[in-house]
Amino acid sequence: MNDKELVAHQALQYVSENMIVGLGTGSTANFFIDALAKRNKEEKLNVRAVSSSVVSMIKAKEAGLPLLSIDQIKEIDLYIDGADEITPDLTLLKGRGYDLVREKLLARAARKFIVIADESKIVKNIGDNFPVPSEVHPFAWELVKNVLMKKGTGDIRINAAKDGYAITSCGNFVLDFNFAEKSSENLNNLLSLTPGIVEHGIFYNLAHGALISHNGNVREIWRS
Ligand code: 5RP
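What counts and what doesn't
Residues numbered from 1 in each chain as written. Predicted model: local features only at pLDDT ≥ 70, side-chain atom pairs only at ≥ 80, totals over all residues. Heavy atoms only, no water. Core = buried A, V, L, I, M, F, W, Y, C linked by side-chain atoms within 4.5 Å. Buried < 20%, exposed > 50% of the residue type's maximum accessible area, 1.4 Å probe, protein only. Helix = DSSP H or I, 4+ residues; strand = E, 2+ residues; numbered from the N terminus. Domains from an automatic or database assignment. Contact = heavy atoms within 4.5 Å. Buried area = accessible area lost by both parts, 1.4 Å probe. Salt bridge = Lys/Arg side-chain N within 4 Å of Asp/Glu carboxyl O. Polar contact = N/O pair within 3.5 Å; in protein donor to acceptor, adjacent residues only side chain to side chain. Pairing = 2+ DSSP bridges.

Engineer: How should I be thinking about the nonpolar core in this particular structure?
Structural biologist: Nonpolar side chains tend toward joint burial in soluble globular proteins. Among the nonpolar cores identified, the biggest contains 25 residues, and Leu-23, Phe-32 and Leu-36 are the most heavily contacted of them. Of all the secondary-structure elements, those providing two or more residues to this core are α1 (3–10), β1 (20–23), α2 (27–43), α3 (54–63), β4 (76–81) and β7 (110–118). The biggest single contributor to this core is α2, with 5 residues. One finds Tyr-79, Ala-107, Phe-203 and Ile-212 within the second-largest nonpolar core, a separate group that totals 23 residues.

Written as structure tokens, this is what we have:
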């Protein structure tokens, strides 16, 4: 079992009967989806799941998890998702996938949000390893880019086929930016207050805990 799979299995201990569980997106979250589906079936837990992306919805369906759509929930018991970066105070950078809006809705709606990752995701400051993604209204992207250029450098995200702009499942574009600012609180405020940005990849004050794996061991970090 690799470190991503290990940490995904550890997260199962937070699942109990009749819960509504939010499913994250990415390779670590995929291990959790498979493990949860297996346990739900074997132990008849009556868990229902809500997906944070089209990709994780398809994955969950294939694994046999009963699904609710996001407009059927008011809150959820537990959200388990991966991240691209995690700081010691549990600020996260997410969004290499294209579903920031759903991911943040589930993070906010969860009574408990636990991020699962291997040690490579731990950073000192948000932005150390990846640019910060912002999902923007298509008609606003030039205006938003112009605002963000005063604080950093970046551009609109190109799609995987490299023949157009990347489009999120909500029909928006993505701007990926590197900022000189190191404070995640300040960056969170800047992006949250910029008109035209629908959602951004800084998850500030949202995760309650993290399970971090390294060489076969898992450590926990909890927000005080
Ligand atoms: C998607 C995400 C993912 O959770 C993040 O990219 C981590 O992916 P992986 O588990 O494959 O390393 O934020 O938007």
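Engineer: Got a minute to help me understand the domain arrangement of the chain in this structure?
Structural biologist: Size of an interface: often given as the accessible area lost when the parts come together. Once the domains are mapped, the chain shows domain 1 (3–122 + 204–222) and domain 2 (132–200). The gap between the C-alpha centroids of domain 1 and domain 2 is 24 Å. The interface of domain 1 with domain 2 comprises 14 residues on the first partner and 19 residues on the second. Regarding the contact of domain 1 and domain 2, the summed buried area is about 1,300 Å², with carbon and sulfur atoms giving 57% of it. The largest share of the area that domain 1 buries against domain 2 comes from Tyr-98, Leu-100 and Tyr-204, three residues that together contribute 47% of it. Applying the counting criterion to the domain 1 and domain 2 interface returns 2 salt bridges. Linking domain 1 with domain 2 are 6 residue pairs in polar contact (both at pLDDT 80 or more), by the criterion used here.

Engineer: Would you mind going over the pairing of β4 with me for this structure?
Structural biologist: Within a regular strand, the side chains alternate between the two sheet faces. Burial of β4 is extensive: 5 of the 6 residues sit out of reach of the surface. The pairing of β1 with β4 spans 3 bridges and is classified as parallel. The residue bridging Leu-23 from the neighbouring strand is Ile-80, located in β4. Alignment of β4 against β7, held across 5 bridges, turns out to be parallel. Looking across to β7, one finds that Leu-78 is bridged to Lys-112.

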